[in-house]
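Chain by chain, the residues run as shown.
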Amino acid sequence: MSDTVIRVENLGKKYIINRKNQERYTALRDVIADRAKLFGRRIKKPFAQQNKHQTFEDFWALKDVSFEVKQGDRVGIIGRNGAGKSTLLKILSRITEPTTGRISIKGRVASLLEVGTGFHPELTGRENIYLNGAILGMSRVEIKKKFDEIVSFAEVEKFLDTPVKRYSSGMYVRLAFAVAAHLEPEILVVDEVLAVGDAAFQQKCLGKMEEVGKEGRTVLFVSHNIGAIRALCKSGILLSEGTLVANDLIDNVITNYISSPVSCSDTYIAEKNLEKPHFRKIEISQGERISGNAFAIDQPIRIKFHVERLEKKEIIIGIVIRNSQGLWIHHSSDEFNSETVNNSSSRRECRLPPYALSPGKYYVDAYLGQRNIETLENIIDCLIFEVEFTGIMSDRTTAGDWKGICGPGLLSWH
Ligand SMILES: Nc1ncnc2c1ncn2[C@@H]1O[C@H](COP(=O)(O)OP(=O)(O)O)[C@@H](O)[C@H]1O
Ligand SMILES: [Mg+2]
């Protein structure tokens, strides 16, 4: 049909993974760095033997995915971690090639993927704006017309002539979003980069994406923030383990997503070592564990964080707790307890008091950052756990009796 702008047919993407060293998550910059290292190694040691304990195997990050997007559609792409969302966006942005199948795209695509893509680190903010415009096929005059709008949206006036490698990740994302959204692409593709950080800027971005959609341009948006997806998108695509499981109106796709079973996970362990501060381990526990990550509502729950490569940095740790409807029911960081937290300690802990949450399943995102500077790491769904009726509530067997988002411990009665 003539108004189809994206057609994806039987798309598959295969990665060869190293079993011993399997990574849960790889950003593009890591792939580039790894390739550079590999290249260097080959030159230095042409006869280097492979470690005999390593086994390589095929891993399909996307399998037989087909769908169409029409001009002006705003499509939310949802799915658990590792479902293949970022891989799909990278293929649509032509940053990586599909292994099987094909895509056809009508129009210019501007994408905001993980930090590290799209901008040249040595060039200044100003130069990168012109470079991105040129890549999108715009003339210098056209870019000039948009320039001031981009700079004021991104709030980076003072740093326009600074190389972007010196930008904090917050500034980087602001400028990258402003460029992608203002340079009049026909198709705007936005990955999860807006997940954490400045809530006001997030709101501004959502508003801008809506505007872009209203102008008849097409938007593809990945987020774990179900509220934002529901507000922005008309239709949705649900991916699970690389397969497309739903492609429907957004409300139907969200219902499908939140009702699909997910197993709990009480520990996150980093599977790779990074140069910068990062989470080594995140653990959730309760003195008296019931079973399978279900915690008693009447007892405190502890979350412990262990950070590696802290060196002399002072960092803050924050968490977001989402319920099974995908709503952010809590967001806080240890900045709120500056008198008890040692900012240079590699171990932190937070404690949920009894009855803080209603019975149900919860999803935790954790992030690590430097105050007012940058987010160093953001791990979505690092923990998944359940709260069960116990204690004075143990006879309340139907969760439907308790409809509040916050637990009954929010109020005290006198
Ligand atoms: N460059 C890569 N090499 C090997 N595996 C990868 C690479 N990129 C992604 N993967 C794997 O592909 C799967 C899908 O990843 P991704 O598209 O990032 O998922 P999502 O964005 O939905 O969390 C994951 O299991 C991930 O570990
Ligand atoms: Mg992703």
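All of the points below concern the structure found in this document. For clarity, every value in this text was computed on a predicted model and none was experimentally measured. (Residues numbered from 1 in each chain as written. Chains lettered and ligands numbered in written order. Predicted model: local features only at pLDDT ≥ 70, side-chain atom pairs only at ≥ 80, totals over all residues. Heavy atoms only, no water.)

The next thing to look at is the pairing of strand 6 (residues 187–190). Side chains Ile187 and Val189 project from strand 6 onto one buried face, and the interleaved Leu188 and Val190 project onto a second face that is buried too. By the bridge criterion, four bridges tie strand 5 (residues 109–112) to strand 6 in an arrangement that is parallel. For serine 111, the partnering residue across the bridge sits in strand 6 and is valine 189. Pairing analysis gives four bridges linking strand 6 to strand 7 (residues 218–222), with the strands arranged parallel. Each bridged residue has a counterpart across the sheet, and for valine 190 the counterpart in strand 7 is phenylalanine 221. (Buried < 20%, exposed > 50% of the residue type's maximum accessible area, 1.4 Å probe, protein only. Helix = DSSP H or I, 4+ residues; strand = E, 2+ residues; numbered from the N terminus. Pairing = 2+ DSSP bridges.)

A word on the site of ligand 1. Looking at ligand 1, there are 15 residues lining it, with Gly82, Gly84, Lys85, Ser86 and Thr87 nearest. Backbone polar atom of glycine 82 to an oxygen atom of ligand 1: 2.7 Å apart, as the coordinates give it. At 2.8 Å from an oxygen atom of ligand 1 is found a side-chain nitrogen or oxygen belonging to serine 86. In isolation ligand 1 offers 560 Å² of accessible surface; the protein chains occlude 87% of this area. Elements supplying a minimum of two residues to the shell around ligand 1: strand 1 (4–18), strand 2 (56–70) and helix 2 (85–92). Residues of the shell around ligand 1, tallied by class, amount to six nonpolar, five polar and four charged. (Near = heavy atom within 4 Å. Polar contact = N/O pair within 3.5 Å; in protein donor to acceptor, adjacent residues only side chain to side chain. Areas by Shrake-Rupley, 256 points an atom, 1.4 Å probe, with all protein chains shown as cover. Nonpolar A, V, L, I, M, F, W, Y, C, P; charged D, E, K, R; others polar.)

What follows is about the pattern of salt bridges. Per the counting criterion, the structure on display carries 20 salt bridges. One salt bridge connects arginine 217 with glutamate 215, and the closest N-O pair in it is separated by 2.1 Å. Here glutamate 215 falls in the partly exposed class, since its relative accessible area comes to 45%. Through salt bridges with shared partners, a single network forms among Arg7, Glu68 and Lys70. (Salt bridge = Lys/Arg side-chain N within 4 Å of Asp/Glu carboxyl O.)

Another aspect to go through is the packing of helix 4 (residues 140–154) against helix 6 (residues 199–214). Here helix 4 crosses helix 6 at 145°, and the two axes come no closer than 11 Å. Between helix 4 and helix 6, the residues in contact are Glu149, Ser152 and Phe153 and Phe201, Lys204, Cys205 and Lys208, respectively. (Axes fitted to C-alpha atoms, helices over the stretch in contact; angles between N-to-C directions. Contact = heavy atoms within 4.5 Å.)

So, about the sheet that holds strand 11 (residues 278–285). As summarised here, the arrangement of the four strands in space is 10-11-13-16, forming an open sheet in which the pairing is antiparallel. Two strands bound the open sheet, and with one partner strand each, they are strand 10 (267–269) and strand 16 (347–352). Strand-to-strand twist in this sheet, taken as the mean axis angle between neighbours without regard to direction, amounts to 15°. Note that strand 11 and strand 13 (residues 301–308) share seven bridges and pair antiparallel. Its bridge partner lying in strand 13, phenylalanine 279 is registered against valine 307.

The way to describe two aromatic rings as a pair is by their centre distance and the angle between their planes. Scanning the entire structure with this criterion turns up nine aromatic pairs. One aromatic cluster is present, built from ring pairs that chain together Phe153, Phe177 and Phe201. The lysine or arginine in question, arginine 140, covers the ring of tyrosine 130, its NZ or CZ lying 4.3 Å from the ring centre. (Phe/Tyr/Trp six-rings, centres within 6.5 Å; stacked < 30°, edge-to-face > 60°. Lys NZ or Arg CZ within 6 Å of the ring centre and 35° of its normal.)

What follows deals with the side chain of aspartate 365. Looking at the element boundaries, aspartate 365 is found in strand 17 (residues 360–370). Aspartate 365 sits in the buried class, given a relative accessible area of 6%. For aspartate 365, the side chain forms a polar contact with the main-chain nitrogen of aspartate 381, separated by 2.9 Å. The contacts of aspartate 365, once residues within four sequence positions are left out, are Gly318, Ile319, Val320, Arg322, Asn378, Ile379, Ile380, Asp381 and Cys382.

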